[in-house]
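Examining the three-dimensional arrangement
One letter stands for each residue in the lines below.
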Amino acid sequence: MKARMESRRAWLGACAAGALAAWVPWLALAQAAAPVLPRPTSLAAELERALAARKALVVMVSLEGCPWCKLARESYLVPLRAEGQRVVQIEMAGPIPLTDLRGRPSTHEQVVRALDVRVAPTVLFIGRGGVEVAPRLSGVASPDFYGAYLQDRVDAANRTVAG
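Residues numbered from 1 in each chain as written. Predicted model: local features only at pLDDT ≥ 70, side-chain atom pairs only at ≥ 80, totals over all residues. Heavy atoms only, no water.

Describing helix α5 (residues 146-162)
- For α5, with 17 residues, the first-to-last C-alpha span of 24 Å sits near the 24 Å given by 1.5 Å per residue.
- The set of residues buried in α5 consists of Tyr146, Leu150, Val154, Ala157, Asn158 and Val161. Down the axis of α5, the smallest arc covering the buried residues is 100 degrees, so these residues share one side. For α5, the exposed residues set more than 90 degrees away from the buried face come down to Asp152 and Arg159.
- Packed against the buried residues of α5 are α2 (43-52), β1 (57-62), α3 (67-82), β5 (122-126) and β6 (137-138). (Helix = DSSP H or I, 4+ residues; strand = E, 2+ residues; numbered from the N terminus. Expected span 1.5 Å × (residues − 1). Buried < 20%, exposed > 50% of the residue type's maximum accessible area, 1.4 Å probe, protein only. Arc of directions from axis to C-beta. Contact = heavy atoms within 4.5 Å.)

Points about the sheet that holds β6
- The strand order across the open sheet formed by 4 strands is β2-β1-β5-β6, and the pairing between neighbours is mixed. Only two strands of the sheet have a single partner each, and these edge strands are β2 (86-91) and β6.
- Examined bridge by bridge, β1 and β2 share 6 bridges and lie parallel to one another. Of the residues in β2, the one forming a bridge with Leu57 is Arg86.
- Across the sheet, α2 touches β1, β2 and β5, and the angle it forms with β2 is around 165 degrees.
- Most of the contacts of α3 go to β1, to which it runs at about 165 degrees, and overall it touches β1, β2 and β5. (Pairing = 2+ DSSP bridges. Axes fitted to C-alpha atoms, helices over the stretch in contact; angles between N-to-C directions.)

So, the packing of aromatic side chains
- A complete count under the given rule lists 2 aromatic pairs for this structure.
- The interplanar angle of 55 degrees and the centroid separation of 5.1 Å between the aromatic rings of Tyr76 and Tyr146 together place this pair among those described as tilted. Note that Tyr76 is positioned in helix α3 and Tyr146 in helix α5, a separation of 70 residues in sequence.
- The class for Tyr76 is partly exposed, based on a relative accessible area of 23%. (Phe/Tyr/Trp six-rings, centres within 6.5 Å; stacked < 30°, edge-to-face > 60°.)

Description of the pairing of β1
- A large share of β1 lies buried, amounting to 6 of its 6 residues.
- Across the two faces of β1 the burial is the same, with Leu57, Val59 and Val61 and Val58, Met60 and Ser62 all buried.
- The pairing of β1 with β5 spans 5 bridges and is classified as antiparallel. Bridged to Leu57 within β5 is Ile126.

Remarks on the pattern of salt bridges
- One pass over the structure, following the stated rule, counts 7 salt bridges.
- Residues Glu46 and Arg86 are paired through a salt bridge, measuring 2.9 Å at the closest nitrogen-oxygen approach. Placement of the pair is Glu46 in helix α2 and Arg86 in strand β2, with a sequence separation of 40 residues.
- The exposure class of Glu46 is buried, given its relative accessible area of 9%. (Salt bridge = Lys/Arg side-chain N within 4 Å of Asp/Glu carboxyl O.)

Focus: the environment of Pro40
- Relative to the helices and strands, Pro40 resides in the loop between α1 (2-32) and α2.
- For Pro40 and Gln89, which are 49 residues apart along the polypeptide, the C-alpha to C-alpha distance reads 7.2 Å.

Written out as structure tokens, the structure is:
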């Protein structure tokens, strides 16, 4: 009986491995196609481009491996960018070089500290002079209403910039 169970497990394992092998290319493709936001080298330049389009710059502060960051990015911010809003992402713990909003050399991590961001994800709405023109959206307190909260702030920030 024990030999029969081991044989059945081996057969099921082989079937599962075969099925997985058939799906691996699709899994790799799905992972490669995961939506991303650009990581800027210059927030000052990104702000200039946003203002030229009469829009606020939306900056997502993200943390590697954060599931709430992934939700905000993929479900809300990537589609917002696809609609024409200028949206970029900076890393909370990233030593990646970055020119800050005033044109000074810095890093993602230093800019996050200077902006006093302590929660990931945090979304900032930046207007003329590098000033926040709508209330920050910190964390994902209510996934059901996150899209509405985000859109309200984007609309308010864009009205401030355009007006």
